[in-house]
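Observations on the model geometry
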Amino acid sequence: MIAAAEPSVSVRGREQGIDLVSRQVTDLRMWIAFAGDRQNALDLFGPLGELERAARAGFTPDGEPPGVVFTADIFNGPTLDRVVEADIPVNAGSEDMLSQLGERKRGHKVWLRVNPGFGSGHSRKTSTGGESSKHGIWHENLPGALERIDAYDLDLVGLHMHIGSGADIEHLKRVCRSMVDCVRSIERDVRAISGGGGLPIPYRDGESGIDVEAYFGCWDAARREVEEIVGHRVLLEIEPGRYIAGASGVLVAKTSSYEETESPRGGRTGSDAGAAGGGPWPAG
Ligand SMILES: Cc1ncc(COP(=O)(O)O)c(C=O)c1O
């Protein structure tokens, strides 16, 4: 999003941003009952640098739920070394990650990030499921992933489904159903399920925010169904990024290029705004 705001970054503005972040976190309080005594864990989606930053900030991977989980679709060498050495649970987005990890360390804690075959998001660019997405183990390939888990005696903690940033409630219901179906189909014990992030935020005047209680209600109902399948208590995790940080600031950026296209949305604007993740993309 390119905001045509006055570039005045004031202390007051920063305080408002921090207040907003605290309010958004408070909104998510219903999840806390399922987080055990660990309510602030980090789910990292990146290479070694993020693991190092998390360690410097005092997050440790011990316990259950652990303080750090590493989510990715591939490993690079130094990151795999660190994950093994520091015993950081891995949320694997590809089957090959399971073998690469298993070759180095049997019994390592893993999650399976599943691509349920569809995605949803604020825009096509923030949808992370479906056949064109690079993320997650394709739902039909779960038997192969389980074979690798068995071959290396990996410890399956849970299943994870993050289908995009800004999923609407219809897709949310669909993904919760897929989660329950997947747990049933794998016939394995799981101790937790994760809905990833993706809680939508309003982008334009007049848009309303997500009904957080309804959102939680969908995932909690799925969690209860999973408890019935596995026969014991199951933790529910979410990884909200944009919901917490997305509206806490204004991105001021310069348009570097503009290209006419035939898209009904108009032309294509280029800008090196240096923002990603929880930043205020992707409205542009
Ligand atoms: C696995 C995973 N979890 C959580 C998030 C955070 O999503 P959001 O900022 O929409 O809450 C992302 C974002 O890409 C992600 O890939």
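The numbers attached to residues start from 1 for each chain and follow its sequence in the written order. At least 70 in pLDDT is required for a residue's local features to be given in this predicted model, at least 80 for side-chain atom pairs to be given and counted, and no such filter applies to totals for whole chains, interfaces and linings, which use all residues.

This paragraph deals with the overall build of the protein. Here a strand is any run of E in DSSP of at least two residues, a helix any run of H or I of at least four, and the numbering for each starts at the N terminus. Scanning the protein from N- to C-terminus turns up 8 helices and 10 strands. Here exposure depends only on C-beta density: within 10 Å of a residue's C-beta, 20 or more other C-beta atoms make it buried, 12 or fewer make it exposed, and intermediate numbers make it partly exposed, the C-beta atoms being placed from the backbone. For the protein, with 284 residues in total, the buried portion stands at 34%.

The next subject is the packing of helix H6 (residues 169-186) against helix H7 (residues 212-230). Contact geometry of H6 with H7 gives a least axis separation of 9 Å together with a crossing angle of 10 degrees. Between H6 and H7, the angle falls in the class roughly parallel. Contacts from Ile169, Leu172, Lys173, Cys176, Met179, Val180, Val183 and Arg184 of H6 reach H7 at Ala214, Tyr215, Cys218, Trp219, Ala221, Ala222, Glu225, Val226 and Ile229. Here the nonpolar group is Ala, Val, Leu, Ile, Met, Phe, Trp, Tyr, Cys and Pro; Asp, Glu, Lys and Arg are the charged ones; every other residue, Gly included, is treated as polar. Classifying every residue of the contact of H6 with H7 gives 14 nonpolar, no polar and 3 charged. Axis definition: a line fit to C-alpha positions, over the contact stretch in the case of helices; interaxial angles, taken between N-to-C directions, run 0 to 180 degrees. With respect to orientation, any angle under 35 degrees is reported as roughly parallel, any angle over 145 as roughly antiparallel, any angle of 65 to 115 as roughly perpendicular, and every other angle as oblique. Once C-beta atoms are placed from the backbone, any two residues with those atoms within 7 Å are in contact.

The next thing to look at is the site of the ligand. For each residue, a C-beta atom is placed from the backbone, and the residue is labelled near a molecule or strand when this atom is within 6 Å of it. Near the ligand lie 16 residues; those nearest to it are Ser165, Gly197, Glu239, Gly241 and Arg242. Its residues assigned to classes, the shell around the ligand shows 4 nonpolar, 9 polar and 3 charged.

It is worth spelling out the nonpolar core at this point. By size, the foremost hydrophobic cluster in this structure holds 46 residues, and its most contacted members are Val110, Leu159 and Ile193. Setting aside chain neighbours within four positions, we find Val110 in contact with Pro89, Val90, Ala92, Leu98, Leu101, Ile149, Leu154, Asp155, Leu156 and Val157. What we call a nonpolar core is a set of buried Ala, Val, Leu, Ile, Met, Phe, Trp, Tyr and Cys residues whose membership is set by joining through C-beta atoms within 7 Å.

With that out of the way, let us pick up unusual backbone geometry. A cis amide bond links Glu64 to the next residue, Pro65, at an omega of 0 degrees. With respect to the helices, strands and loops of the structure, Pro65 is situated in the loop between helix H2 (48-56) and strand E2 (68-72). Positioned with a positive phi, Asp87 is a non-glycine residue whose angle comes to about 60 degrees. For Asp87, a count of 14 C-beta atoms within 10 Å gives the class partly exposed.

Helix-helix packing: each pair is described by the crossing angle between the helix axes and the interaxial distance. Contact geometry for helix H4 (residues 95-104) and helix H5 (residues 142-151): axes closest at 9 Å, N-to-C directions at 5 degrees. The angle between the axes of H4 and H5 places the two elements in the roughly parallel class. Along the contact surface, H4 presents Glu95, Leu98, Ser99 and Gly102, while H5 presents Gly144, Ala145, Arg148, Ile149 and Ala151. Per-class residue counts for the contact of H4 with H5 are 4 nonpolar, 3 polar and 2 charged.

Tracing the backbone through its elements, the reader meets Ile238 in the loop between strand E8 (235-237) and helix H8 (242-245). Each C-alpha atom, one on Ile238 and one on Gly197, is 5.8 Å from the other, the two residues being 41 residues apart in sequence. Beyond its immediate sequence surroundings of up to four residues, Ile238 is in contact with Trp31, Ser194, Gly195 and Gly197.

Confidence of the prediction at every residue is given by pLDDT, a number between 0 and 100. Counting all residues, the mean pLDDT for the protein is 85, and 87% of those residues have values of 70 or more. Ignoring residues within four places in sequence, the model shows residues 1-9, a span with pLDDT below 50, making 16 contacts including any to other chains. Within the model, pLDDT remains below 50 along residues 277-284, and this stretch shows 23 contacts once partners closer than five positions in the same chain are excluded.

Working rule for helices: expected span equals 1.5 Å times residues minus one. With 18 residues, H6 ought to run about 26 Å at 1.5 Å a step, and its terminal C-alpha atoms sit 26 Å apart, in line with that. Of the residues making up H6, those classed as buried are His171, Leu172, Val175, Cys176, Ser178, Met179 and Val183. Axial view of H6: buried residues confined to an arc of 160 degrees, hence all on one face. H6 presents Glu170 and Ser185 as exposed residues on the side facing more than 90 degrees away from its buried surface. Where H6 is buried, its residues touch strand E6 (155-160), strand E7 (192-194) and H7. A positive backbone phi angle near 50 degrees is found at Glu187, which sits one or two residues after H6. Comment: arc refers to directions from the helix axis out to C-beta atoms.

What follows covers H7. Taking 1.5 Å of rise per residue, the 19 residues of H7 would be expected to cover 27 Å, and the 27 Å separating its terminal C-alpha atoms lies within 8% of that figure. Buried residues of H7: Tyr215, Phe216, Trp219, Ala222, Arg223 and Val226, and no others. Taken around the axis of H7, the buried residues stretch over an arc of 125 degrees, which confines them to a single face. Residues of H7 that are exposed and point over 90 degrees away from its buried face: Glu213, Ala214, Arg224 and Glu228. Where H7 is buried, its residues meet H6, E7 and E8. One or two steps after H7, the chain reaches Gly231, where phi turns positive at roughly 80 degrees.

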